[in-house]
Amino acid sequence: MESGPSGGSRPAEPGPRLRGLRGADAAASASSLSRFGAEAGCRAPAVAAVLPAGGSGERMGVPTPKQFCPILERPLISYTLQALERVSWIKDIIVAVTGENMETMKGIIQRYQHKRISLVEAGVTRHRSIFNGLKALAEDQPNCRLSKPEVVIIHDAVRPFVEEDVLLNVVTAAQEHGCSDYDLEFGTECLHLALKYSHIKAKLVEGSPDLWKVTYKRDLYAAESIIKERISQQVCVVMDPKEDEEHVGHCLEEMLKTELNHVQVTSGQDLQQIILEQCYNFVCVNVMISDFEETQRLLNMLEESNLSMLYPVVVISVHFLDYESVPFGQKMEKVMQIREFAKEAKKGNILLFGLLIYFPQEEQKLQESLRQGATIIAALIKERNSGLIGQLLVA
């Protein structure tokens, strides 16, 4: 079963964002295929997926096979696996990889804690790799943990932006079956191969605009841009809950809401739940210039959650400098400790930055400083510039 013409090999600009499953969405994922089965008057089919990942990526022009090329320091294939793992009704995912890359693939599965993944050795061609994956699913061995599926989705390892609704359409078409001569006339080679070798007139399913394939080096940059856009859609502002609404931290939060258009800015009262819902951007407001207590507490929670194993987490530690009460040099010495914090945080894939805002000062200057601070925060979140880790930026 194959996606249709919209799933071309070139990036769509700007490209829809890959959506995560949270709360009710995850529950909807678990029941979507079951609802289809009930509506069709039959039980939902057992579904598996096979990913051929044995290519060398010659067209990419880099020594690393493209499925293992890093995007935000994470291999491309890991994003594809995550997209399929989010679909709870896909019971098994088979990855066909060459013998020389088998250990690399095992390392990716372990590091990023992928589930329901089995590996088989790739063949000399893409179709042979798919065949090896299908054989693994067809084997009825006593010790085999794979269940024999009724529908198998074949998906490229280098198409990371596949959505559940597209996959559901493919499974639906596989169950209902039937196509017109149009599909064979304007479809792809796989439709003709299915007819030639299996005597099945396969159906062409319309894909989504973002279902494109990473083929050339420039596609890696396009994919990175889309992923950055996706993980920049929520910012959590963490501060002492005892601070009243007039506190400068709340003023900074309001500035962020105007600076980051179409981005959800939330306060961190229920910080554990926000982390659980996979927010990757945090602005931590420290009350005292030398006080890293709030930032340290947040870093500890992030490390315990293991959230950063998938994407880098950005934490911006904000400090308001009251230069009237304590000597400037003494305060700056304490704030520069952020470099040491940043070194340790980076080991856990957490990008820690510092932001210094002068306070108190007259209202107009303070508003300008807060506005500049919000601009800096927005840039750090959008760009995720690891070259600035541990830097203390001044607004």
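Before reading on, note that the structure itself is shown above.
To keep things clear, this report deals only with the structure shown in the data block.

Conventions and cut-offs
In this convention, every chain numbers its residues from 1, walking through the sequence in written order. Only residues with pLDDT of at least 70 get local features here, since the model is predicted, and only at 80 or more are side-chain atom pairs given and counted; chain-wide, interface and lining totals rely on the full set of residues. For side-chain calculations, the full set of non-hydrogen atoms in the structure is used, while hydrogens and water are omitted. The pairing test for Phe, Tyr and Trp rings, Trp by its six-membered ring, is centres within 6.5 Å, and the orientation test on the planes gives stacked under 30 degrees, edge-to-face over 60, and tilted for anything in between. For helices the rule is a DSSP run of H or I covering at least 4 residues; for strands it is a run of E covering at least 2, with both sets numbered from the N terminus onward. Burial classes: relative accessible area under 20% of the type maximum marks a residue as buried, over 50% as exposed, and values in between as partly exposed (1.4 Å probe, protein chains only). Strands were regarded as paired on the criterion that DSSP finds at least two bridges between them. Helix axes use the C-alpha atoms of the stretch in contact, all axes being lines fitted to C-alpha atoms, and the angles between their N-to-C directions lie in the range 0 to 180 degrees. Any two residues having at least one pair of non-hydrogen atoms within 4.5 Å are treated as being in contact. If the strands point away from the viewer and the path from the first strand over the helix to the second runs clockwise, then the crossover is right-handed. Here a polar contact is taken to be a pair of N or O atoms separated by no more than 3.5 Å, where protein atoms must pair a possible hydrogen donor with a possible acceptor and residues adjacent in sequence count only if both atoms sit in side chains.

**Digging into the packing of aromatic side chains**
Here is step 1: Going through the model one piece at a time under the given rule, you end up with three aromatic pairs.
Here is step 2: With 5.7 Å between their ring centres and 50° between their planes, Phe 161 and Trp 212 make a pair best called tilted. Here Phe 161 is found in the loop between strand E7 (151-154) and helix H5 (164-176), whereas its partner Trp 212 is found in the loop between strand E8 (204-205) and helix H8 (217-231), with 51 residues between them in sequence. Neither Phe 161 nor Trp 212 differs from the other in exposure class; each is buried.
Here is step 3: For the pair Tyr 280 and Tyr 311, a centre-to-centre distance of 5.0 Å together with 90° between the ring planes defines the contact as edge-to-face. A residue pair is termed long-range when its members are at least 10 positions apart, and Tyr 280 in the loop between helix H10 (271-276) and strand E11 (281-286) and Tyr 311 in the loop between helix H11 (293-305) and strand E12 (313-321) qualify at 31 residues.

**Focus: the sheet that holds E11**
Here is step 1: The strand order across the open sheet built from six strands is E10-E9-E11-E12-E13-E14, with neighbouring strands paired in parallel fashion. The outermost strands of the open sheet, each flanked by one partner alone, are strand E10 (264-267) and strand E14 (392-394). Neighbouring strand axes in the sheet, compared pairwise and without regard to direction, differ in orientation by 25° on average.
Here is step 2: Where strand E9 (residues 234-238) meets E11, three bridges bridge the pair, whose relative direction is parallel. Across the sheet, residue Val 238 finds its bridge partner in E11, namely Cys 284.
Here is step 3: Lying on the sheet, H11 is in contact with E9, E11, E12 and strand E13 (350-358); it crosses E11 at an angle near 150°.

**Considerations on the pairing of strand E5 (residues 90-97)**
Here is step 1: Across the eight residues of E5, seven count as buried, placing the element largely inside the fold.
Here is step 2: Pairing of E5 with strand E6 (residues 117-121) involves five bridges; the strand directions are parallel. Its bridge partner lying in E6, Ala 96 is registered against Val 120.
Here is step 3: Following the chain from E5 across helix H3 (residues 102-111) to the adjacent parallel E6, one finds a crossover that is right-handed.

**A few points about the side chain of Glu 294**
Here is step 1: Position of Glu 294 relative to the elements: it lies in helix H11.
Here is step 2: Looking at Glu 294, the relative accessible area reads 14%, which means it is buried.
Here is step 3: Among the polar contacts listed, one links the side chain of Glu 294 to the side chain of Arg 297, at a separation of 3.4 Å.
Here is step 4: Ignoring anything within four residues of it in the chain, the contact list for Glu 294 reads Val 238, Met 239, Asp 240, Cys 284, Val 285 and Asn 286.

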